Amino acid sequence: MIKLVVAVSRKQTLSAEAFGDYWLNRHGPLVADVARALNIRKYVQSHRIDHPANEAFRNSRAMLPPLDGVAELWWDSLPDMLAAAATSEGAEAGRLVREDEENFVDFERSSAFLTEEHPVFDRTDGAGPGPDAVKVTYLLARKDGMTPAECHATWLRDHAQMAAGFAEVSHLAKYVQSHTIASEANAMLQASRGFAPPLDGMTAIWLNAAADLKRGVETAAGRAAAAALAEDERRFVQLDKSRCFITREHLIFDTID
């Protein structure tokens, strides 16, 4: 499968509360209504939540400030996505979605990129994180001078294994990397909305409760793990072009299972 990641910045005329309400309760149902026409199999919104970890991530890594959320949409394949958009029904559905996005999305401060998922670990035995789970959402730009392939290889081969080794002491429930693919399609997406340039991927790390963020750094071992991961990121991440913040997921629909 492929997954479209949309890093969403709200229109500055909207409060965070008004943005979240519109995105979830107006735009979410609209996308669900046209999902069949667009061949979308699954749609998840991750809304930023206020948490001290947001500033801790930003300050410790000199990162960009958090965005308002991330949308994730799954298709069976890139040809399925493109074929749907090429039909009259799909084109009309796409127009409706695009017009509605204008009500709440600041396109110039948002970005979109197609990805392939790489699951790293799942300590929930396949049940998924609990109902109170939060997700550390890390929007990643590759280190200046690295190719996408070099960045992705280091991220998946080395950094993922380090994170897996620290999962228990850091109270991590699940970890998935989404690596950017399909550069030509991403360029088309960027042009269609006037988006900011695509990023190189996204890390998603779930914890079963917000309290686990604090528990993960209450011990010396947990603090050492967090420091080691942050230091390793510097090998392949351009931190001043990347963002990391806490979100809570809202599943809009899922027809995959």
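Here we look at the state of the cysteines
- Throughout the structure, instances matching the rule amount to zero disulfides.
- The structure places no disulfide on Cys151, whose sulfur is separated from the nearest cysteine sulfur, that of Cys244, by 15 Å.
- Cys151 gets classed as buried once you look at its relative accessible area, which sits at 0%.
- Under the relative-accessibility criterion, Cys244 is labelled buried at 3%.

Topic: unusual backbone geometry
- Even without being glycine, Ala62 reaches a positive phi, approximately 55 degrees.
- Structurally, Ala62 can be placed in the loop between α2 (52-61) and β3 (69-75).
- The phi angle at Ala182 is positive, at roughly 55 degrees, despite the residue not being glycine.
- If you trace the backbone, Ala182 turns up in the loop between β6 (174-180) and α6 (183-193).

Re the pairing of strand β4 (residues 111-122)
- Here five bridges tie strand β1 (residues 2-8) to β4, and the two strands are oriented antiparallel to one another. Bridge pairing links Leu4 to Leu114 in β4.

Points about the sheet that holds β1
- What the eight strands build is a closed barrel, ordered β1-β3-β2-β8-β5-β7-β6-β4; its pairing is antiparallel. Neighbour-to-neighbour, the strand axes of the sheet open up by a mean angle of 30 degrees, direction not taken into account.
- Of the strand pairs in this sheet, β6 and strand β7 (residues 201-207) are connected by six bridges, and their pairing is antiparallel. Paired with Lys174 across the bridge in β7 is Trp206.
- Packing of helix α1 (residues 16-38) onto the sheet brings it into contact with β1, β2 (42-48), β3 and β8 (243-254), and relative to β2 it is tilted by some 165 degrees.
- Relative to the sheet, α6 contacts β1, β4 and β6, its axis offset from that of β4 by approximately 130 degrees.

Looking at the packing of helix α5 (residues 148-165) against helix α8 (residues 220-233)
- Running from amino to carboxyl end, α5 crosses α8 at an angle of 175 degrees, the nearest separation of the two axes being 10 Å. Between α5 and α8, the angle is such that the two are roughly antiparallel. For the pair α5 and α8, contact is made by His159, Met162 and Ala163 and by Ala228, Leu229, Asp232 and Glu233, respectively.
- In terms of residue class, the contact of α5 with α8 is built from four nonpolar, one polar and two charged.

Structural notes on the pattern of salt bridges
- Within this structure, the stated rule accounts for 20 salt bridges.
- Across the pair Arg41 and Asp76 runs a salt bridge, and its minimum N-O distance is 2.7 Å. With Arg41 in the loop between α1 and β2 and Asp76 in the loop between β3 and α3 (78-85), the pair connects residues that are 35 residues apart, well separated along the chain.
- On the basis of relative accessible area, Arg41 is assigned to the partly exposed category, the value being 21%.
- Across the pair Asp232 and Arg235 runs a salt bridge whose closest N-O atoms are separated by 2.7 Å.
- Residue class for Asp232 comes out buried when judged on its relative accessible area of 10%.
- Its relative accessible area of 41% is what places Arg235 among the partly exposed residues.
- Three or more residues are tied together by salt bridges with common partners; here these are Lys3, Glu72, Glu117, Lys135 and Glu249.

What counts, and at which threshold
Residues numbered from 1 in each chain as written. Predicted model: local features only at pLDDT ≥ 70, side-chain atom pairs only at ≥ 80, totals over all residues. Heavy atoms only, no water. Disulfide = S-S within 2.5 Å. Buried < 20%, exposed > 50% of the residue type's maximum accessible area, 1.4 Å probe, protein only. Helix = DSSP H or I, 4+ residues; strand = E, 2+ residues; numbered from the N terminus. Pairing = 2+ DSSP bridges. Axes fitted to C-alpha atoms, helices over the stretch in contact; angles between N-to-C directions. Contact = heavy atoms within 4.5 Å. Parallel < 35°, antiparallel > 145°, perpendicular 65-115°, else oblique. Nonpolar A, V, L, I, M, F, W, Y, C, P; charged D, E, K, R; others polar. Salt bridge = Lys/Arg side-chain N within 4 Å of Asp/Glu carboxyl O.

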